[in-house]
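This is what each chain is made of:
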Amino acid sequence: ETGVTQSPTHLIKTRGQQVTLRCSSQSGHNTVSWYQQALGQGPQFIFQYYREEENGRGNFPPRFSGLQFPNYSSELNVNALELDDSALYLCASSPATSGRETQYFGPGTRLLVL
Amino acid sequence: QKEVEQNSGPLSVPEGAIASLNCTYSDRGSQSFFWYRQYSGKSPELIMSIYSNGDKEDGRFTAQLNKASQYVSLLIRDSQPSDSATYLCAAYTGGGNKLTFGTGTQLKVEL
């Protein structure tokens, strides 16, 4: 166990709806990254938060947004859901953001968009 | 060209054999490399990290890094059926904090 938790574990939404996914970082970690993993693919970087500020973003549209709170927990919000948003969403925490740290993954939230 | 490339497999090896998993990367500035194991329906878990050229051993696992050839590999000795999983290679790319993953190699260890 990594100490990173995510909720909910599974979620079903319909196209056009909005969803919020939550992540609690490992104790002592101030950096959280979010990933989308489609079936048969590796995780794709969505964005990273460091000390409550966005600290890098992958090739995802603005309808993917996030927050990090003072206790370093985090949210991923997706607006106007599309069928292609169906995936496993992973958060990973790390103790810093120098580009060398190991990232520790939570169990993921599986999102199905109908 | 993908930033991190792996053969998707499946790679099948008999129990007790050595499994060799390979990964190439395109960003010459990448300095940190990771191997994660992912069981079906689960999240990735760290196997090894490697930062310097050469070999790094941890139990039955050995990671190898060759920055000149932009090549990372993972050797699994005495493969067990419990090693059957998808192995993800990852590297920090773009000079920043973006961890880029390959598509993963599926390993099957057969009895």
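Anything mentioned here points back to the structure above.
All values reported here derive from a predicted model rather than from experimental measurement. (Residues numbered from 1 in each chain as written. Chains lettered and ligands numbered in written order. Predicted model: local features only at pLDDT ≥ 70, side-chain atom pairs only at ≥ 80, totals over all residues. Heavy atoms only, no water.)

Student: It is not clear to me how unusual backbone geometry should be interpreted in this structure. Could you clarify?
Tutor: It is generally the case that most residues other than glycine have a negative phi and that most peptide bonds are trans. Residue Pro8(A) is reached from Ser7(A) by a cis peptide bond, and omega for that bond is -10°. With respect to the helices and strands, Pro8(A) occurs in the loop between β1 (5-7) and β2 (10-13). Here the bond from Gly9(B) into Pro10(B) is cis, since omega is 10°, no more than 30 degrees from zero. If you trace the backbone, Pro10(B) turns up in the loop between β1 (4-6) and β2 (11-14). Its identity as a non-glycine residue notwithstanding, Gln70(B) has a phi of 55°, on the positive side. What makes Gln70(B) buried here is its relative accessible area of 12%. Even without glycine at this site, Asp78(B) takes up a positive phi of about 50°. Summarising the element assignment, Asp78(B) is placed in the loop between β8 (71-76) and β9 (85-93). (Helix = DSSP H or I, 4+ residues; strand = E, 2+ residues; numbered from the N terminus. Buried < 20%, exposed > 50% of the residue type's maximum accessible area, 1.4 Å probe, protein only.)

Student: For this particular structure, what's the right way to read the sheet that holds strand β7 (residues 64-68) of chain A?
Tutor: All names here are of chain A. Spatial strand order, β1-β3-β8-β7: 4 strands in an open sheet with antiparallel pairing. Each edge of the open sheet carries a strand with a single partner, namely β1 and β7. Ignoring which end each strand starts from, the neighbouring axes of this sheet average 20° apart. Sheet topology places strand β3 (residues 19-24) next to strand β8 (residues 74-78); 5 bridges connect them, and they run antiparallel. Bridging across to β8, Cys 23 finds its partner in Ser 74. (Pairing = 2+ DSSP bridges. Axes fitted to C-alpha atoms, helices over the stretch in contact; angles between N-to-C directions.)

Student: Can you help me understand the interface of chain B and chain A in this one?
Tutor: Taken together, the contact between chain B and chain A spans 21 residues of the former and 22 residues of the latter. Buried surface at the junction of chain B and chain A, summed over both partners, amounts to about 1600 Å²; 50% is from carbon and sulfur atoms. The largest share of the area that chain B buries against chain A comes from Tyr92(B), Asn97(B) and Phe101(B), three residues that together contribute 31% of it. If you look at where chain B meets chain A, you find 0 salt bridges. Our enumeration of links across chain B and chain A arrives at 8 residue pairs in polar contact (both at pLDDT 80 or more). Put simply, the parts of the chain that give the side of chain B that touches chain A at least two residues each are β4 (33-38), β5 (45-50), β9 and β10 (98-101) of chain B. Tallied by class, residues from the side of chain B that touches chain A come to 9 nonpolar, 10 polar and 2 charged. (Contact = heavy atoms within 4.5 Å. Buried area = accessible area lost by both parts, 1.4 Å probe. Salt bridge = Lys/Arg side-chain N within 4 Å of Asp/Glu carboxyl O. Polar contact = N/O pair within 3.5 Å; in protein donor to acceptor, adjacent residues only side chain to side chain. Nonpolar A, V, L, I, M, F, W, Y, C, P; charged D, E, K, R; others polar.)

Student: Would you take a moment to explain the environment of Arg63(A) for this structure?
Tutor: Residue and element names in this part refer to chain A. If you trace the backbone, Arg 63 turns up in the loop between β6 (53-57) and β7. Placed 15 residues apart in sequence, Arg 63 and Val 78 show a C-alpha to C-alpha distance of 5.6 Å. Setting aside residues no more than four positions away along its own chain, Arg 63 makes contact with Asn 77, Val 78, Asn 79, Ala 80, Leu 81, Glu 82 and Asp 85. A distance of 3.3 Å separates polar atoms of two side chains, one belonging to Arg 63 and the other to Glu 82.

Student: I tried to follow the packing of aromatic side chains on my own but got confused; where do I start?
Tutor: Any pair of aromatic rings gets described here by the distance separating the centres and the angle formed by the planes. Residues and elements named next belong to chain A. Applying the stated criterion across every chain yields a total of 12 aromatic pairs over all chains. Ring centres of Tyr 35 and Phe 45 lie 5.9 Å apart, and the angle between their planes is 65°; on these two criteria the pair is classed as edge-to-face. On the criterion of sequence distance, the pair formed by Tyr 35 in strand β4 (residues 31-37) and Phe 45 in strand β5 (residues 44-50) is long-range, its members being 10 residues apart. For Phe 45, a relative accessible area of 6% translates into the label buried. (Phe/Tyr/Trp six-rings, centres within 6.5 Å; stacked < 30°, edge-to-face > 60°.)

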